[in-house]
Amino acid sequence: MYNVKEIRQQFPLLNRLVSGKPYIYMDNAATTQKPQSVLDAITESYSCYNANIHRGVHYLSRMATERHEQARQRIATYLNAADSSSILFVRGTTEAINLVASSYGKEHFSPGSELILSTAEHHSNIVPWQLAGEQVGLKLRVIPLLEDGSLDLATYEKLISPQTAMVAIAGISNVLGIVNPVKQMIEIAHRHKVPVLVDAAQMIAHSRVDVQDLDCDFLAFSAHKIYGPNGLGVLYGKKELLETMPPYQGGGEMIAKVSFDKTTYNELPYKFEAGTPDYVGSVALSAALDFVEELGIESIARHEAELSHQIIEGLEQIKGIRFLGTSRERAGVISFLIGDIHHYDMGMLLDQQGVAVRTGHHCAQPLMDYFGLSGTVRVSVGLYNTEEDVQAFLKAIKRTVTMF
Ligand SMILES: *Cc1c(COP(=O)(O)O)cnc(C)c1O
């Protein structure tokens, strides 16, 4: 049984009152709250094992190193990666994609190269490619959307050409909540020998991510979106690809031998981890994955689907409602507008009623342009949201509508 009341008890922030009332947090696509076990892991690391890792011969350093490397193994197991040396620690999804764009790009992009992405990508999966591809004039080819907001797969396949250097695609859109058929898209790309990067920033918290089953070449996510710490992310890469790529940043940790004439680089994964790693964050992420695994990602997804269903049903009753994306393949995230109420006004008035949602362009301006909008209201659920949250949200929406 999924006991959401009990689960909530483990999140200190959710039990805090704002103006004497519990605050309804429904901005989980932006970031998630942290359970006590994650907070404890952070405190424990600093109180018991804090020391710089990999370099020290002393006890604390050995302990910290061991915990950091265990966390890497934990993440590999969670993602079903064959080998923990394909798990690279980075600062987040954004840095993970920058790493691939820059490093893979250096080796594999040439004049005429093309990259395929979709209309619904986060800026993090657009701008790094533009930056890295500038010198060779990398062209972005964009998969259009169908009426219901899902990707036009027939066009996708036609966009693939001998020029295609990479497909980069979000597993779940952070604006529309639409679940893209990434496994199928990867199969299609591989038929043409094109590698695929999956932006799993949303996917990681709403569905099982199995990198061997997906057969993705790269996959990126941020710990903070799956109840883990802020400032840490993971890049999974197939070893044979990572081996071909030059280092992303230079510094300590990533070297084998440095001299002023020539420096040789460390082996995987350290080649891509310059500087002191976030050995506190990695342990905290490991605790977050334990937390999610204990509840079961399938149970979480079922719970969230039920809440999303109630949100959509409730919103459908409201005159002037317009959903962005109506595909049934959705998870966790719902974007909408009501009549000509500005998304920003809606967000402010909901906040005044103790409900947190996101408004604006959601780091997806090309998608907003596609819909001819400046922004939307986005409500997104997490594993701790309740039916009461949904009712309070709908009530606040209805009250707001009567103010206009
Ligand atoms: C949040 C998000 C990102 C960016 O994640 P950061 O943690 O800011 O690096 C990228 N893509 C999607 C789909 C997201 O939801």
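Note that the structure is predicted; figures quoted are calculated from it, not measured. (Residues numbered from 1 in each chain as written. Predicted model: local features only at pLDDT ≥ 70, side-chain atom pairs only at ≥ 80, totals over all residues. Heavy atoms only, no water.)

## A word on the overall build of the protein
Okay, step 1: Helix and strand counts for the protein come out as 15 helices and 17 strands.
Okay, step 2: Over its C-alpha trace the protein gives a radius of gyration of 22 Å, about what one expects of a compact globule, namely 22 Å for 404 residues.
Okay, step 3: Overall, the protein is about 70 × 55 × 35 Å in size when its C-alpha atoms are taken along their principal axes.
Okay, step 4: Of the contacts formed within the protein by residues at least 6 apart in sequence, a portion of 71% connects residues at least 24 apart.
Okay, step 5: When the accessible surface of the protein is totalled, it reaches about 17600 Å², and 51% of it is carbon and sulfur.
Okay, step 6: Computed over 35 positive and 45 negative side-chain charges, the inter-centroid distance for the protein is 3 Å. (Helix = DSSP H or I, 4+ residues; strand = E, 2+ residues; numbered from the N terminus. Rg over C-alpha atoms; globule rule 2.2 N^0.38 Å. Contact = heavy atoms within 4.5 Å. Areas by Shrake-Rupley, 256 points an atom, 1.4 Å probe, with all protein chains shown as cover. Lys, Arg positive; Asp, Glu negative; His and termini not counted. Charge placed at Lys NZ, Arg CZ, Asp CG, Glu CD.)

## Quick look at the UniProt feature "domain: Aminotransferase class V" (unreviewed entry) in the protein
Okay, step 1: UniProt annotation of "domain: Aminotransferase class V" (unreviewed entry) refers to residues 24–393 when read in the numbering used here.
Okay, step 2: Each end of residues 24–393 is marked by a C-alpha atom, and these two atoms are 8 Å apart; helix forms 41% of the span and strand 17%. (UniProt positions renumbered as here; feature names shortened; annotations may be inferred.)

## Examining the pairing of strand E5 (residues 114–118)
Okay, step 1: Most of E5 sits out of view: five of its five residues are buried.
Okay, step 2: Burial along E5 is two-sided: Glu 114, Ile 116 and Ser 118 facing one way and Leu 115 and Leu 117 facing the other are all buried.
Okay, step 3: What joins E5 to strand E6 (residues 139–143) is helix H5 (residues 127–133), and the crossover it makes is right-handed.
Okay, step 4: With three bridges joining them, E5 and strand E7 (residues 164–170) adopt parallel strand pairing. Bridge pairing in E7 places Ile 116 opposite Val 167. (Buried < 20%, exposed > 50% of the residue type's maximum accessible area, 1.4 Å probe, protein only. Right-handed = clockwise from strand over helix to strand, strands pointing away. Pairing = 2+ DSSP bridges.)

## Digging into the nonpolar core
Okay, step 1: Leu 79, Leu 219, Phe 221, Ile 226 and Leu 383 are the most contacted members of the largest nonpolar core, which totals 67 residues.
Okay, step 2: In terms of residues, this core owes the most to one element, helix H7 (residues 182–191), which gives five residues.
Okay, step 3: When residues of this core are assigned to domains, at least three map to each of domain 1 (4–34 + 296–402) and domain 2 (39–293).
Okay, step 4: Not counting chain neighbours up to four residues away, the residues in contact with Phe 221 comprise Ile 75, Leu 79, Gly 92, Thr 93, Ala 200, Ala 201, Ile 204, Ile 226, Gly 233, Val 234 and Leu 285.
Okay, step 5: Val 100, Leu 235, Leu 242 and Phe 272 belong to the second-largest nonpolar core, a separate cluster that totals 26 residues. (Core = buried A, V, L, I, M, F, W, Y, C linked by side-chain atoms within 4.5 Å. Domains from an automatic or database assignment.)

## Structural notes on the site of the ligand
Okay, step 1: Inspection of the region around the ligand gives Gly 92, Thr 93, Thr 94, His 122, Ser 124, Asn 174, Asp 199, Ala 201, Gln 202, Ser 222, His 224 and Lys 225 as its neighbouring residues.
Okay, step 2: One of the side-chain nitrogen or oxygen atoms of Ser 222 is found 2.7 Å away from an oxygen atom of the ligand.
Okay, step 3: Here an oxygen atom of the ligand and a side-chain polar atom of Lys 225 are 2.7 Å apart.
Okay, step 4: Starting from 380 Å² of accessible surface for the ligand in isolation, the protein chains cover 86%.
Okay, step 5: Residues belonging to the shell around the ligand are distributed by class as follows: one nonpolar, nine polar and two charged. (Near = heavy atom within 4 Å. Polar contact = N/O pair within 3.5 Å; in protein donor to acceptor, adjacent residues only side chain to side chain. Nonpolar A, V, L, I, M, F, W, Y, C, P; charged D, E, K, R; others polar.)

## Description of the sheet that holds E5
Okay, step 1: Spatial strand order, E4-E10-E9-E8-E7-E5-E6: seven strands in an open sheet with mixed pairing. A single partner strand is all that each edge strand has here, and the edge strands are strand E4 (87–90) and E6. On average, each strand axis in the sheet is inclined to that of its neighbour by 20°, with strand direction left out of account.
Okay, step 2: Packing of helix H4 (residues 93–108) onto the sheet brings it into contact with E4, E7, strand E8 (196–199), strand E9 (218–222) and strand E10 (233–237), and relative to E9 it is tilted by some 155°. (Axes fitted to C-alpha atoms, helices over the stretch in contact; angles between N-to-C directions.)

## Here's the deal with the packing of helix H12 (residues 297–316) against helix H15 (residues 387–402)
The geometry of a pair of packed helices is captured by two quantities: the angle between their axes and the separation between those axes.
Okay, step 1: Across the interface, H12 lies against H15 with an axial gap of 10 Å and an inter-helix angle of 20°. In terms of axis orientation, H12 runs roughly parallel to H15. In terms of crossing hand, the pair formed by H12 and H15 is right-handed. Side by side, H12 and H15 meet where Leu 307, Gln 310, Ile 311, Gly 314 and Leu 315 of the first sit next to Glu 387, Val 390, Gln 391, Phe 393, Leu 394 and Ile 397 of the second.
Okay, step 2: The class makeup of the residues in the contact of H12 with H15 is seven nonpolar, three polar and one charged. (Parallel < 35°, antiparallel > 145°, perpendicular 65-115°, else oblique. Left-handed = near helix turned anticlockwise from the far one by under 90°.)

## Structural notes on the pairing of strand E11 (residues 255–258)
The side chains of a regular strand alternate, first on one face of the sheet and then on the other.
Okay, step 1: With three bridges connecting them, E11 and strand E12 (residues 263–265) associate as antiparallel partners. Directly across from Ile 255, in E12, lies its bridge partner Tyr 265.
Okay, step 2: Here E11 folds back onto E12 in antiparallel fashion, the turn holding four residues.

## Describing helix H2 (residues 36–49)
Okay, step 1: A rise of 1.5 Å per residue sets the reference length of H2, with its 14 residues, at 20 Å; its end C-alpha atoms lie 19 Å apart and thus fit the reference within 8%.
Okay, step 2: Among the residues of H2, those classed as buried are Val 38, Ala 41, Ser 45 and Tyr 49.
Okay, step 3: Its buried side turned inward, H2 meets helix H3 (59–79) and helix H11 (279–295). (Expected span 1.5 Å × (residues − 1).)

## Considering helix H13 (residues 343–352)
Okay, step 1: Those residues of H13 not exposed but buried are His 343, Met 346, Gly 347, Leu 349 and Leu 350.
Okay, step 2: Buried residues in H13 make contact with strand E14 (333–338), strand E15 (355–356), strand E16 (358–360), strand E17 (376–380) and H15.

## Some thoughts on the sheet that holds E17
Okay, step 1: Taken together, the four strands give an open sheet; going across it, the order is E13-E14-E17-E16, and neighbouring strands pair in antiparallel fashion. Unpaired on one side and paired on the other, strand E13 (321–323) and E16 mark the two borders of the sheet. With direction set aside, neighbouring strand axes in the sheet form an average angle of 30°.
Okay, step 2: Strand direction decides the pairing type here: E16 and E17, joined by three bridges, are antiparallel. If you follow Gly 360 over to E17, its bridge partner there is Thr 376.

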